[in-house]
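Overview (structure and organization)
Given next are the chains, with one letter for each unit.
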Amino acid sequence: MKTLLEPRIGPDGAADPTPRGLSASAAARRLEADGPNLLPGSAPKSSATIVLGVLVEPMFLMLLAAGGVYLALGDRAEALFLLGFVFVVIGITLVQERRTQRALESLRDLSAPRALVLRDGMEVRVAGADVVRGDLLRLHEGDRIPADAQLLTGHLSVNESLLTGEAVPVNKQPARSPALAVGNGSSDAPGGDATAWLFASTVVTSGAGLALVHATAGATAVGRIGAALNATTEPASALQLSSRRLVRRLGLAALVLAGALVGLGWWWDGRSLLDSLLAGIALAMAILPEEIPVILTVFLALGAWRMSRQKVLTRRVSAVEALGAITVLAVDKTGTLTLNRMAVAALALPQGHTVPAAESALPAGAEAIAEFAALATPTHPFDPMDKAIRSFARQALARSGRWHEAAEPVHAYPLSAGLLMVTQVYRGGDLGRGADGHVLAAKGAPEAVADLCRVSPAERSALRSQVEAMAERGLRVLGVAQGFGPLPATAPGASAPAWPASQRDFSFQFVGLIGMADPPRADVPAAIAQCQQAGVRLIMMTGDHPATARAIARQVGLSERPAVIAGPELDALDDAALLVRLRHTDLCARLQPVHKLRLVQVLRAGGEVVAMTGDGVNDAPALKAADVGIAMGERGTDVAREAAALVLLDDSFASIVAAIRQGRRIYDNIGKATRFTFAVHLPIIALALVPALLHWPVLLLPVHIVLLELLIDPACSVVFEAEPEAAGLMSRPPRAPDDTPFAGRNLLQGAWQGGGLGVILLLGAELLRRAGVATAQGRTAVFVALVLGVLMLVLANRGRSPVVSGAQSPGNPWLLRMAVLVAALLAAVLGVPALRELMGLAWPDATGLVAMVAMSLLGAAWLAGLRARGRAWTA
């Protein structure tokens, strides 16, 4: 274990205090020996479970019943044919389930927490599953701890409520005598205060530190509790619930109508019971829209997978539904609209002189700003701004002796809602300023630092002008202060001095201002223009100065309106007044996380569908409250990512726009598939019901409906899912929140399409019957026209392209395959004599061919006429 913690020897012969951690080869060997760091979870569905689920579906119960009736009638060939299709459908369902499962598993892999570890002396971010015993973890605020570990350096506050049920975070202190023999786990119970033991799946709420992993996977405290903590089931979305209600109602209607048809046929029409049962089963199979659950499952899962390829991870598939309805996008500035590549750009002295950071030799006053800004920054920073400050100070102060690489604070005051600044306390001796005293370094919002330093009104006015000037250049401005004094006394029996409760209890001197540059992303202006064109309003929510927010908003084209709501002003407004202000204000500055939560709640109460970006621990409540919470994948904390519905893997605003575009496409295609499903079932219902009521020869048997399902299912779950976005997708306003694919208007359009085709096919069948055409010939003509009608309905529901030319529309490779499947099906049922006889069909004669062509042309004309008269769906 010595090699993990011993210092390295640098090129100059001096000891490098950075610990090395495991080597990559040692970590790989340990991972192979111990297995991945995964808690017991819910296993994927087995093939047997999927098959059982298929067999209890109403459609397949009907299929089995029809096969049993044919056996009772002595028609073994038709019974075996029907029952054989059970295995075909099971195979198709297995393929669909596996495809959906693979998509969801790939999303789960992407969304798994990651860990920052030391390997070969370098910080490396790895998947949580790859953490092994003996790894050194670098932990920061917002991290979810991946394994049981012991804190070696630093101080942390950790939320262990997952294990203890107590929401109050507990403090963690470094171990005085670290247990370097890994593998024994913790001897302490979770929930202990001032201990060194950290537990897997708990969350760092503040602080930073280095910890040694002692146990992973099932050997952790959470692993010993059991799999229940890790097994999560995603609740059904509103769309899925409404679809289930619709399917249940239609299923009940199918059973009632089928039962009535059986009774009428047997009692009133004098048919045999078995013939009446076949007619009833055919009607029930025609009515049941079993494709709808498949549509939702496949479209949402594969849509989420497609979004992941565009750097947008979907943590909750139901969020895909809300993307197309977003009306307000509340977006953070840093890292989303900007590059999140902070660099010190300028230093402003209290006398009003501004020094560019690029100057080779800084004046003494500017060096003091750099020195105390760095001292007010964590030694191992996580925030990009803190990293930039320390990097600049290291280069600028290296020759002057004012750079303190190894200095560690003895006390710290974190940022709070009441005081927007941080202060770190050092022993004077550690900085070469006298062993008996302490040194204070503070940085934060300029107005907060000025208030703490008690500057005069004239100095405050001059400072305000300096800040405005720097902020109007788009710089993020921080005030810097210093303080000195004796160390507080240590009470008898206490191990540490009695530090004051607040930073306000110290005396500070204003040092100056430091300006940070973070240029906008190049792709943001175009993406914002797309949002605005799509009717999505953008509101910037930032903790920066109002002038900085205005400058960045102008640069990226977010807003030209100068109005800004600042955090203190927001506190003074009630919800009604705030909602009125938000209708005319696009910029919110100097915000705390609690402000973001309130803004989201007020906007939603005002009828908006809100998406919001966030990255910190305290952003989690607002992310959960938004209709679509969006976390940052690169700079965001684990807590924020777990609270959000979407995660941007590249932190790019353009990825949010891509997600909105993809969400609209998915929802459009669900609507197309749903409309097609209702349209295609109506002629099947008509051909199964009307002949039985009018005493005509049977036109559709259960075996015909099964063959049709082999066309309908792929059309719903494959062809429409792959449909490209409609023209003008991002030029129309967001859909209404209560709009669904099952709305009456959408289903009525499908009813017009399918009802017209059903009437045409029934009229054709009646004319053939009156002309004395044989029953098999008439059934053949109607069946072929119906199969071609399925293909025409696919084309008719794609968009605005004409029915005939729709097959040539680019972008959907499955259309040609669908046409080939239709041709192959017709060639098989007509060209193979045994199959033709089994289906009750005949080789078409001249009269039959003319009837097929006539019914197909009339069907195409009907669908084209609906589009021309505005009754068809418009893309």
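See the structure shown above.
A few points on the structure. Since we're looking at a predicted model, the values are computed, not measured. (Residues numbered from 1 in each chain as written. Predicted model: local features only at pLDDT ≥ 70, side-chain atom pairs only at ≥ 80, totals over all residues. Heavy atoms only, no water.)

The helix and strand inventory of the protein stands at 29 helices and 24 strands. Counting only contacts in the protein whose residues sit at least 6 apart along the sequence, the fraction spanning at least 24 positions is 73%. Of the roughly 36,800 Å² of accessible surface on the protein, 59% is carried by carbon and sulfur atoms. (Helix = DSSP H or I, 4+ residues; strand = E, 2+ residues; numbered from the N terminus. Contact = heavy atoms within 4.5 Å. Areas by Shrake-Rupley, 256 points an atom, 1.4 Å probe, with all protein chains shown as cover.)

With that settled, the discussion passes to a positive patch on the surface. Taken together, the side chains of R244, R245, R248 and R249 make up a positively charged region of the molecular surface. As for its placement among the helices and strands, R245 is situated in helix 8 (residues 238-268). (Patch = residues over 30% accessible without salt bridge, like charges linked within 9 Å, V, L, I, M, F, W, Y side chains within 5 Å. Salt bridge = Lys/Arg side-chain N within 4 Å of Asp/Glu carboxyl O. Lys, Arg positive; Asp, Glu negative; His and termini not counted. Charge placed at Lys NZ, Arg CZ, Asp CG, Glu CD.)

Here the focus is the pairing of strand 6 (residues 148-159). In the sheet, strand 6 pairs with strand 9 (residues 203-215) via 11 bridges, with the strands oriented antiparallel. Paired with N159 across the bridge in strand 9 is V203. Looking at chain direction, strand 6 and strand 8 (residues 197-198) are connected through 2 bridges and run antiparallel. Counterpart to A149 in the pairing with strand 8 is L198. Of the pairings in the sheet, the one linking strand 6 to strand 7 (residues 170-172) comprises 3 bridges and is antiparallel in character. Residue pairing in the sheet places L156 in a bridge with K172 of strand 7. (Pairing = 2+ DSSP bridges.)

Further remarks concern the side chain of Q424. Of note, Q424 is situated in strand 15 (residues 421-427). Among the polar contacts listed, one links the side chain of Q424 to the side chain of Y426, at a separation of 3.1 Å. Contacts of Q424, omitting those with residues within four sequence positions, involve L375, A376, T377, P378, P409, H411, A412, V439, L440 and A441. (Polar contact = N/O pair within 3.5 Å; in protein donor to acceptor, adjacent residues only side chain to side chain.)

Two elements in contact, helix 10 (residues 291-308) and helix 23 (residues 653-693), have axes whose closest approach is 10 Å; the angle formed by their N-to-C orientations is 160°. For the element pair helix 10 / helix 23, the angle class is roughly antiparallel. Here helix 10 and helix 23 pass one another in a crossing that is right-handed. Here E291, I292, I295, L296, F299, L300, G303, R306 and M307 of helix 10 come into contact with helix 23, specifically with A659, Q662, R665, I666, N669, I670, A673, T674, T677, F678 and H681. Tallied by class, the residues present in the contact of helix 10 with helix 23 amount to 11 nonpolar, 6 polar and 3 charged. (Axes fitted to C-alpha atoms, helices over the stretch in contact; angles between N-to-C directions. Parallel < 35°, antiparallel > 145°, perpendicular 65-115°, else oblique. Left-handed = near helix turned anticlockwise from the far one by under 90°. Nonpolar A, V, L, I, M, F, W, Y, C, P; charged D, E, K, R; others polar.)

Another aspect to go through is the sheet that holds strand 16 (residues 437-444). If you walk across this open sheet you meet the 7 strands as 13-12-18-17-16-15-14, and the pairing is antiparallel. Since the sheet does not close on itself, it has two edges, and those belong to strand 13 (354-356) and strand 14 (411-413), each with one partner. Across the sheet, the axes of successive neighbouring strands diverge by a mean angle of 25°, strand direction being ignored. Of the pairings in the sheet, the one linking strand 15 to strand 16 comprises 7 bridges and is antiparallel in character. Paired with M421 across the two strands is G444, which belongs to strand 16. Running at roughly 70° to strand 12 (residues 343-348), helix 13 (residues 384-397) makes contact with strand 12, strand 16, strand 17 (476-486) and strand 18 (509-517) of the sheet.

Attention now goes to the sheet that holds strand 22 (residues 610-614). The sheet built from 8 strands is open, its strands ordered 10-24-23-22-11-19-21-20 with mixed pairing. Strands at the two margins of the open sheet, each flanked by one partner only, are strand 10 (312-314) and strand 20 (564-566). Taking the axes of each pair of neighbouring strands and ignoring which way they run, one obtains an average angle of 20° across the sheet. In terms of strand pairing, strand 10 meets strand 24 (residues 646-648) through 3 bridges, oriented antiparallel. Looking at strand 24, one finds that V312 is bridged to L648. Running at roughly 150° to strand 10, helix 10 makes contact with strand 10 and strand 24 of the sheet. Its contacts with the sheet put helix 19 (residues 575-582) on strand 19 (537-541), strand 20 and strand 21 (587-589), and the angle it makes with strand 20 is roughly 145°.

In the contact formed by helix 19 and helix 20 (residues 593-605), the axes pass within 10 Å of each other and the chain directions differ by 85°. In terms of orientation, helix 19 lies roughly perpendicular with respect to helix 20. Touching D575, L578, L579 and L582 of helix 19 are R598, L599, V602 and L603, all from helix 20. Here the residues of the contact of helix 19 with helix 20 sort into 6 nonpolar, no polar and 2 charged.

This part covers the packing of aromatic side chains. Under the defined criterion, the tally for this structure stands at 5 aromatic pairs. Between Y413 and F506, the ring centres sit 5.8 Å apart and the planes meet at 70°, which makes this aromatic pair edge-to-face. Of this pair, Y413 sits in strand 14 while F506 sits in the loop between strand 17 and strand 18, placing them 93 residues apart in sequence. Grouping residues by exposure puts Y413 and F506 together as buried. Both rings, one in F506 and one in F508, keep their centres 6.4 Å apart while their planes meet at 75°; by these two values the pair is edge-to-face. On the basis of relative accessible area, F506 is assigned to the buried category, the value being 10%. Judged by relative accessible area, which is 8%, F508 ranks as buried. Aromatic ring contacts, followed pair by pair, group Y413, F506 and F508 into a single cluster. Over the aromatic face of Y667 sits the side chain of R735, whose NZ or CZ is 3.7 Å from the ring centroid. We note R817 situated over the ring of W814; from NZ or CZ to the ring centre the distance is 4.4 Å. (Phe/Tyr/Trp six-rings, centres within 6.5 Å; stacked < 30°, edge-to-face > 60°. Buried < 20%, exposed > 50% of the residue type's maximum accessible area, 1.4 Å probe, protein only. Lys NZ or Arg CZ within 6 Å of the ring centre and 35° of its normal.)

Below, the discussion takes up the pattern of salt bridges. For the structure shown, the criterion picks out 23 salt bridges. Residue R394 pairs with E405 through a salt bridge whose shortest N-O separation is 3.6 Å. Placement of the pair is R394 in helix 13 and E405 in the loop between helix 13 and strand 14, with a sequence separation of 11 residues. Relative accessible area serves as the criterion here: at 36%, R394 is assigned to the partly exposed category. The partly exposed category is assigned to E405, whose relative accessible area is 41%. One salt bridge connects R476 with D544, and the closest N-O pair in it is separated by 2.6 Å.

The subject of this paragraph is the pairing of strand 16. The buried fraction of strand 16 amounts to 8 of the 8 residues, a majority that puts the element mostly inside the structure. Judged by which residues are buried, strand 16 turns out to be covered on both faces: G437, V439, A441 and K443 on one side and H438, L440, A442 and G444 on the other are all buried. Relative to strand 17, strand 16 runs antiparallel, the two being bridged by 8 bridges. The residue of strand 17 that forms the bridge with V439 is F484.

That is the geometry; function is a separate question.
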